[in-house]
Amino acid sequence: MAERKHGSSKEREYIKVDSFKVLRAHEFDNGNVSFDLELNGIKLYRLSVVSAKDSDHQFIGFPSYQSKDGKWYNYFYISLSDEDSDKIIDEVYNNLDD
């Protein structure tokens, strides 16, 4: 069952995170971080940690492609609560390659 975020003009449903495991995490020379994740038994590949431009906030980026219209679209998206995203990102940094 999904949790709901209230208090905004749009209600957003979040997936309930029962379990997760960071399978691989790598930081590139330019500081970008990519990782693979097992979430509720489903393996997700080529995720990234993205820093917001206007704040110190970080979020999970999903694999995407650029369409002929010049816009970027995610191959898939999973709506995670801020709390769950923060836990996953913390675990990514704990599991970075040496």
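Residue positions are given per chain, counting from 1 as you read along its sequence in written order. Two thresholds apply to this predicted model, a pLDDT of at least 70 for residue-level local features and 80 or more for giving and counting side-chain atom pairs, whereas whole-chain, interface and lining totals are computed over all residues. For the side-chain quantities, the full set of heavy atoms in the structure was used; hydrogens and water were omitted.

**Section: the overall build of the protein chain**
Secondary structure elements are taken from DSSP: a helix is a run of H or I of four residues or more, a strand is a run of E of two residues or more, and numbering for both begins at the N terminus. Across its full length, the protein chain carries one helix and eight strands. Traced from its N-terminal end to its C-terminal end, the protein chain shows the element sequence β-β-β-β-β-β-β-β-α. Of all 98 residues assigned to the protein chain, the portion counted as buried reaches 27%. For the protein chain, the proportion of contacts with a sequence separation of at least 24, taken over those separated by at least 6, is 35%. Shrake-Rupley sampling with a 1.4 Å probe provides the accessible areas, and residues are treated as covered by the protein chains on show and by no other component. Working note: accessible area of the protein chain is about 7300 Å², and carbon and sulfur atoms make up 45% of it. Residue burial is assigned from relative accessible area. The probe radius is 1.4 Å, only protein chains are included, and a residue is buried under 20% of its type maximum, exposed over 50%, and partly exposed in between. Contacts are residue-level and defined by heavy atoms, with any inter-residue pair within 4.5 Å sufficient.

**What to know about helix α1 (residues 82-94)**
Along its 13 residues, α1 runs 18 Å from first to last C-alpha, staying within 8% of the 18 Å computed at 1.5 Å per residue. Three or more residues of α1 are buried, namely Asp84, Ser85, Ile88, Ile89 and Val92. Here the buried residues of α1 occupy an arc of 130 degrees about the axis, which is enough to place them on one side. Within α1, the exposed residues directed more than 90 degrees away from the buried face are Glu83 and Asn94. How far a helix is expected to stretch is found by multiplying one less than its residue total by 1.5 Å. Note that the arc is defined by the directions from the helix axis to the C-beta atoms.

**So, the sheet that holds strand β4 (residues 33-39)**
The four strands lie next to each other as β3-β4-β5-β6, forming an open sheet whose pairing is antiparallel. Whereas interior strands pair on both sides, the edge strands pair on one side only; in this sheet they are β3 (20-27) and β6 (58-61). Neighbour-to-neighbour, the strand axes of this sheet turn through a mean angle of 30 degrees, independent of strand direction. As defined by bridge partners, β3 adjoins β4 across seven bridges and the pair is classed as antiparallel. Any two strands with at least two DSSP bridges between them are considered paired. Each axis is a line fitted through C-alpha atoms, taken for helices only over the stretch in contact, and angles between the N-to-C directions span 0 to 180 degrees.

**Remarks on the environment of Asn95**
Along the chain, Asn95 falls in the segment after α1. A relative accessible area of 32% places Asn95 in the partly exposed class. Those residues in contact with Asn95, other than ones at most four positions away along the chain, are Val22 and Ala25. We call two N or O atoms a polar contact when they sit within 3.5 Å, provided that within protein one can donate a hydrogen and the other can accept it, with sequence-adjacent residues counted only if both atoms are side-chain atoms. A distance of 2.7 Å separates the side chain of Asn95 from the backbone oxygen of Glu91, its partner in a polar contact.

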